[in-house]
Every structure is written in C-alpha cells, then in structure tokens.
Amino acid sequence: MSNLSRMAERISRRTLLKAGAAVSAAGAWSALSSQEVTFRVSGKRIAVSSGNGLRATARAMELMEQGVDTLEAAISGVNIVEEDPNDTSVGYGGLPNERGVVQLDSCVMHGPTYRAGAVAALENIKTPSRVAQKVMERTDHVLLVGQGALEFARAMGFKEENLLTDRAREAWLRWKANLSLEDDWLNDEERQAGAKRPTGTITCLCLNEKGEISGVTTTSGLAFKIPGRVGDSPIIGAGLYVDNDVGAAGSTGRGEANILESGARIVVENMRRGMEPGEACLDVLKRIARRTVESRLLSAPGKPNFGITFYALRKDGLYGAANMHGVARYAVHDGERNAHRESLHLF
Ligand code: GLY
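Keep in mind that this is a model prediction, so the values were computed, not measured.

About the cut-offs
Residues numbered from 1 in each chain as written. Predicted model: local features only at pLDDT ≥ 70, side-chain atom pairs only at ≥ 80, totals over all residues. Heavy atoms only, no water. Helix = DSSP H or I, 4+ residues; strand = E, 2+ residues; numbered from the N terminus. Buried < 20%, exposed > 50% of the residue type's maximum accessible area, 1.4 Å probe, protein only. Contact = heavy atoms within 4.5 Å. Areas by Shrake-Rupley, 256 points an atom, 1.4 Å probe, with all protein chains shown as cover. Pairing = 2+ DSSP bridges. Axes fitted to C-alpha atoms, helices over the stretch in contact; angles between N-to-C directions. Near = heavy atom within 4 Å. Polar contact = N/O pair within 3.5 Å; in protein donor to acceptor, adjacent residues only side chain to side chain. Phe/Tyr/Trp six-rings, centres within 6.5 Å; stacked < 30°, edge-to-face > 60°. Patch = residues over 30% accessible without salt bridge, like charges linked within 9 Å, V, L, I, M, F, W, Y side chains within 5 Å. Salt bridge = Lys/Arg side-chain N within 4 Å of Asp/Glu carboxyl O. pLDDT = per-residue confidence, 0-100. Right-handed = clockwise from strand over helix to strand, strands pointing away.

Enquirer: How should the overall build of the protein chain be read in this particular structure?
Expert: Within the protein chain, the secondary structure is distributed over 11 helices and 15 strands. When the 347 residues of the protein chain are sorted by exposure, 52% land in the buried category. For the protein chain, long-range pairs separated by at least 24 residues make up 63% of all intrachain contacts whose partners lie at least 6 apart in sequence. Surface summary for the protein chain: the accessible area is close to 15,600 Å², and the carbon and sulfur share equals 51%.

Enquirer: Is there a simple way to think about the sheet that holds strand β1 (residues 46-49) in this case?
Expert: Within a beta sheet, neighbouring strands are joined by backbone hydrogen bonds and run either parallel or antiparallel to one another. Spatially, β4-β3-β2-β6-β5-β1-β13-β14 is the arrangement adopted by the 8 strands of the open sheet, whose pairing is mixed. Of all the strands in the sheet, just β4 (143-145) and β14 (338-342) have a single pairing partner and so form its edges. When the angles between neighbouring strand axes are averaged without regard to direction, this sheet yields 15°. One ladder, built from 6 bridges, connects strand β2 (residues 104-110) with strand β3 (residues 115-122); its direction is antiparallel. Residue pairing across strands places Leu104 opposite Leu122, the latter belonging to β3. Strands in contact with helix α5 (residues 128-138) are β2, β3, β4 and β6 (213-219); relative to β3, the strand with the most contacts, it is inclined by about 135°. On top of the sheet, helix α6 (residues 146-155) reaches β3 and β4; it is set at about 105° to β4, its chief contact.

Enquirer: Any chance you could explain the site of the ligand here in plain terms?
Expert: Thr201, Arg229, Asp232, Gly253 and Gly255 are the nearest of the 10 residues found near the ligand. Here a nitrogen atom of the ligand and a backbone polar atom of Gly253 are 2.6 Å apart. Isolated, the ligand exposes 200 Å² of accessible area, and the fraction of that covered by the protein chains is 100%.

Enquirer: When you look at the packing of aromatic side chains in this model, what are you seeing that I'm missing?
Expert: When we look at a pair of aromatic rings, we describe it by the centre distance and by the angle of the planes. For the structure shown, the criterion picks out 2 aromatic pairs. Each ring, one from Trp175 and one from Phe224, has its centre 4.8 Å from the other, and the planes form 15°; the classification is stacked. One end of the pair, Trp175, is in helix α7 (residues 166-177); the other, Phe224, is in the loop between β6 and β7 (240-243), with 49 residues separating them in the sequence. Residue classification places Trp175 among the buried residues on the basis of a relative accessible area of 5%.

Enquirer: So what exactly am I meant to see when it comes to helix α10 (residues 263-272) here?
Expert: Every α-helical turn comprises 3.6 residues, leaving residues that sit three or four positions apart pointing alike. In terms of residue burial, α10 counts as a mostly covered element, since 9 of its 10 residues are buried. Within α10, burial applies to Gly263, Ala264, Ile266, Val267, Val268, Glu269, Asn270, Met271 and Arg272. Looking at the buried residues of α10, the elements they touch are β7, β8 (247-253), α9 (255-261), α11 (277-291) and β11 (308-314).

Enquirer: When you look at a nonpolar patch on the surface in this model, what are you seeing that I'm missing?
Expert: A grouping of Val142, Leu143 and Val145 is seen on the molecular surface, where their side chains present a nonpolar patch of about 230 Å² in accessible area. The class for Leu143 is partly exposed, based on a relative accessible area of 39%.

Enquirer: I'm lost on the confidence of the model for the protein chain in this one. Help?
Expert: Low pLDDT means the predicted atomic positions in that stretch should not be read closely. Per-residue pLDDT for the protein chain averages 89, and the proportion of residues at 70 or more is 84%. Contacts of residues 1-32 to residues separated by more than four positions or lying in other chains number 7 contacts, the stretch itself having pLDDT below 50.

Enquirer: Can you walk me through the side chain of Asp243 in this structure?
Expert: The topology assignment puts Asp243 in strand β7. Judged by relative accessible area, which is 11%, Asp243 ranks as buried. Within the structure, the side chain of Asp243 is placed 2.7 Å from the side chain of Arg272, a separation counted as a polar contact. Leave out the neighbours within four places in its chain, and Asp243 touches Ile213, Val268 and Arg272.

Enquirer: Got a minute to help me understand the sheet that holds β11 in this structure?
Expert: In spatial order, the strands read β7-β8-β11-β12-β15; together these 5 strands make up an open sheet with mixed pairing. Each edge of the open sheet is held by one strand with a lone partner, namely β7 and β15 (344-345).

Enquirer: What should I look at first to understand the environment of Leu71 in this one?
Expert: Tracing the backbone through its elements, the reader meets Leu71 in helix α4 (residues 70-82). For the pair formed by Leu71 and His110, sequence separation is 39 residues and the distance between their alpha carbons is 5.9 Å. In this structure, Leu71 is in contact with Val108, Met109, His110, Met136, Ser214 and Gly215, ignoring residues within four places of it in sequence.

Enquirer: Help me out: how do you make sense of the pairing of β3 in this one?
Expert: Each regular strand displays side chains that alternate between the two surfaces of the sheet. Where burial is concerned, most of β3 is hidden: 7 out of the 8 residues are buried. In textbook terms, the turn of a hairpin is the stretch between consecutive antiparallel strands, and for β2 and β3 this stretch comprises 4 residues, one of which, Tyr114, has a positive phi near 50°. Pairing of β3 with β4 involves 3 bridges; the strand directions are parallel. Considered in β4, the bridge of Ala118 is made with Leu143. With α5 bridging β3 and the parallel β4, this β-α-β connection has left-handed handedness.

This is the structure we're talking about:
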C-alpha cells in the first residue's frame, strides 16, 4: 500500500468514526450501496419521447423490433424531426440565434457501454445527434463545440447546408422588429420581469428486451439566443442521462434551470433509490421550483414562470414524465401501441 493510499484510508476511517459509525469502512460502504434498488429485465421494448416525438417512437420501435441497437434506434427516431423543416425547435428549420444563425445542440448516451458524445453551437448540419454519435464513436472526447464541432463534422463527411428556412427567417425578422424586451440582455426592468420565448427540443429514450437502454436529446435551443449560448440538451447529466443498471432520463424546456440542477442525472439517481419514473421527474421539478428565487423567473413566490419537462424510462419498463405547469403530452411506444400519454405536473 502506498503512503498516499494509507493516508486516504486513515482519513476515511476518521471521517466514519467522527460520524459515530462504529463500523469498518467496508461495512459503511455496503450500507450506502444497499439504498440502491435492483431492477429486473422485463423483456419489454419501450420508446419514450417528448410530445413532438410520436414519429420518433414509431421509428425507434420498428428498428428495435428488427434487433437494431437502442442508441441507433433512438437517433434514427429523432432524425425524422431534425430533418423536418416544419419543426421550428429542432435541427433544420429551428429558430435561429439573435444574429439569424441556427446553432444546434445535441447529446447521445449508450447505456451498455456507458459512453456518450455531444455537440453544442453546431452550425450547418441538419442532424447534430448524428455528429454527437460520431464524437462518441470516433474520439476520446465527450463534447465538441462551435467551429471545432463543425470541422469535426466535415471530417466525418457530413454535408453542410443552410438550416435557416423562410419560416424561421420570417420569425427572426419579426423578433428583430420588436427588439429589446425579448432579447437575452437584461436591463434593470427586465431583471424584475422576465420575458418568455420558445424553447423546443426532442428527447428519445429506448429500452430493448435485453434491458439495454440508450437516449438522445437534440434541439435548436432557445429562439434568438445570444450566439454561443449552449442549453442543457448537449450536457450529459442535464438534458440526458443513461445508466444501464437503472434507466434513462431526458428533458425539454428552459435549459438554464436544468443545467443548474443537473436534472436528468438526479432523475436517474432518484430511480436508483426506488422512485417510480414520474415521481423521480416530479422531484426534480420541485428542486428547481425551490431554487428559483429571481423575481424575473417567478409568477408567484415558489412558482417559476417557465416551462420544463422531464421524461424517464426505467430498466424494468416503467416510464413517466412530469411537467412544471399543467399536463404535458409525451409520446410512448410500449411495443403494442404508439400514443401520447399525459405527464404528472407540479403546478
Ligand atoms: N432545453 C433546450 C434548451 O434550453 O436549449
């Protein structure tokens, strides 16, 4: 044993004794671990997605039924929405930043190998989730941003395209014409009263009959954001988290609130300790509500004025979602039926 490990052992024993635990270090560790719940593999295939993901869950299920890996299934599902010019919150056709440039965020996570990849502020590529997948597969990194992400995408053979559709450009011009109260630069008045703008995202979580779980989240982020703004969607632990022993969680809505809470990771940790998926999501919304104290972000004390939703899928096939305000619809394919379900809600 090295001097360093002897010192570490002495410190950890001292900490345990101080805490009044008359147990060995090994004993304390197993007591902590026993808080974890073990989930059986149900043999079910499930795909869960945000409300805009009914086509994603259908595609993901079709592929899982053919034996395709859960991550490939989840990404193929969201690719449909990323490539759809009519969805103004994701990929091609997404609303641009304040300079009129579409910048996309995405991350992917593969449960069986506990690997992940992500890109942020990526321009000119319709399917950021595919670039995130390449970051996972072809590099030793997890997250590439901006110009570096674009150069990497080029090297991987992705085609560059203008992502700004006429519809998104018109919406951006309308926003420019009303500039000030709806931009991200806070003046004194705006520090008191917040202005709301659209965020939209798609997340897709897939479980196969072997109990393998993966997920993807992808977005064009907050409309008219400050260039370079990165939301929660490419952040592993916030917009997405997967633990193959427990389950997966994804999020849509105000990214800033989610980054501060590391929401998806906490949802998974809640499930690890035995919470049902919907309850695990609701708990994170409660934490966010409790910690939101700036008046510009509140409609009443303790009541955030922004939208945010969490979605969760557990290894045993249970799933759920929770929304900050009112019931949100989310998409689920349970192997028999592909339909919208209703989330829990905090307010
Ligand atoms: N959740 C998407 C974003 O805030 O960018």
